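Chains, contacts and geometry: an overview
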Amino acid sequence: MLRVTEIFHSIQGESTHAGRPCTFVRLTGCPMRCTWCDSEYTFTGGDHFSIEQILQKVRGFGCRLVEVTGGEPLAQREAFELIRQLCDEEYEVLIETGGYVSTTDVDERARVILDIKCPASGEAERNDWSNLGRLRADQDEVKFVIADASDWEFAKEIIEQYELEKRTNAILISPAWGLIDLQELAKWITESGLNVRMQLHLHKYIWGPDVQGV
Ligand code: SF4
């Protein structure tokens, strides 16, 4: 059984898939506590679902793009089997992971969107750097949430050190909601010359920052 906070159908708000209709399976629980976390409601509670029950709900939405997210979706062992079965049913599967749990056992057909935690998150010490070695240039993406200038400097160092421009499908630079001036971040990005992609949380602009299940 998996503990599930919500399963819903909406518009993908992030990554290179932003704007596409998507079914979200949001699993409960996370071992991290990022200072700016916008998903604290996933830390506790949730309902128990079998994999088959989750698949039935997903099938009901009739959408071929599915994201498994959280919380930290990979913190529940059975999540790996859920991902495999979604791939077996030929869904296009995205995994949004916080970067603390190893991605070793993620089905290779799924696309990984790997958060790299920056210092202002308070969780940079817990990045599992071995996850970067498993990134695939044709399908995986990394995401840095930037809250201040130190985070941006950190992101640039990591991009260079791990040659992420070559090793990922996209490097997503996401402003921490309400903590950083968007124009300033845009300026840093354009001045850097890096091949990165600034992204805004599309769903927050559509439905507001605190609404769940959309
Ligand atoms: S990893 Fe994600 S869900 Fe967990 S605390 Fe950080 S932002 Fe929140």
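These remarks concern the structure in this document. Keep in mind that what you see is a predicted model, and the values were worked out from it rather than measured.

Reading the values: rules and limits
- Residues numbered from 1 in each chain as written.
- Predicted model: local features only at pLDDT ≥ 70, side-chain atom pairs only at ≥ 80, totals over all residues.
- Heavy atoms only, no water.
- Axes fitted to C-alpha atoms, helices over the stretch in contact; angles between N-to-C directions.
- Helix = DSSP H or I, 4+ residues; strand = E, 2+ residues; numbered from the N terminus.
- Parallel < 35°, antiparallel > 145°, perpendicular 65-115°, else oblique.
- Left-handed = near helix turned anticlockwise from the far one by under 90°.
- Contact = heavy atoms within 4.5 Å.
- Nonpolar A, V, L, I, M, F, W, Y, C, P; charged D, E, K, R; others polar.
- Near = heavy atom within 4 Å.
- 1 Å grid on protein atoms, 1.4 Å probe; cavity = no way out; pocket = protein on both sides within 12 Å on 5 of 7 lines; lining within 4 Å.
- Sits in = over half its atoms within 2 Å of the grid points.
- Points joined across faces, edges and corners; volume = space filled by probe spheres on them.
- Pairing = 2+ DSSP bridges.

**Some thoughts on the packing of helix H1 (residues 51–61) against helix H2 (residues 78–88)**
- Running from N to C, H1 and H2 cross one another at 40°; their axes reach a closest spacing of 10 Å. By the angle class used here, H1 and H2 are oblique. You can see that H1 and H2 cross each other, and the crossing is right-handed. Contact with H1, carried on its side by Ile 51, Ile 54, Leu 55 and Val 58, involves Glu 78, Glu 81, Leu 82, Gln 85 and Leu 86 of H2 and no other residues of that element.
- The residue makeup of the contact of H1 with H2, split by class, is six nonpolar, one polar and two charged.

**A short note on the site of the ligand**
- If you check the shell around the ligand, you find Cys 30, Met 32, Arg 33, Cys 34, Trp 36, Cys 37, Phe 43, Gly 71 and Lys 117 and nothing else.
- Most atoms of the ligand, that is more than half of them, are within 2 Å of grid points of the largest pocket.
- Classifying every residue of the shell around the ligand by side-chain character gives six nonpolar, one polar and two charged.

**A closer look at the layout of surface pockets**
- Each pocket or cavity is described by its volume, and for the largest pocket that value is around 850 Å³.
- Around the largest pocket, the lining is made up of 44 residues, and of these Glu 14, Arg 26, Asp 38, Ser 39 and Gly 70 lie nearest the centre.
- Where the lining of the largest pocket is concerned, the elements lending two or more residues are strand E1 (2–11), strand E2 (21–27), strand E4 (65–69), strand E5 (92–97), strand E7 (141–146) and helix H6 (202–207).
- Looking at the lining of the largest pocket, the element that brings in the most residues is E1, giving three residues.
- Residue classes in the lining of the largest pocket are distributed as 18 nonpolar, 13 polar and 13 charged.

**Observations regarding the sheet that holds E2**
- Here nine strands make up an open sheet; going across it, the order is E3-E1-E2-E4-E5-E6-E7-E8-E9 and the pairing mixed. Both edges of this open sheet fall to strand E3 (47–49) and strand E9 (197–198), since each of them pairs with a single strand only.
- Strand direction decides the pairing type here: E4 and E5, joined by four bridges, are parallel. For Leu 65, the partnering residue across the bridge sits in E5 and is Glu 92.
- Relative to the sheet, H1 contacts E1, E2, E3 and E4, its axis offset from that of E1 by approximately 10°.

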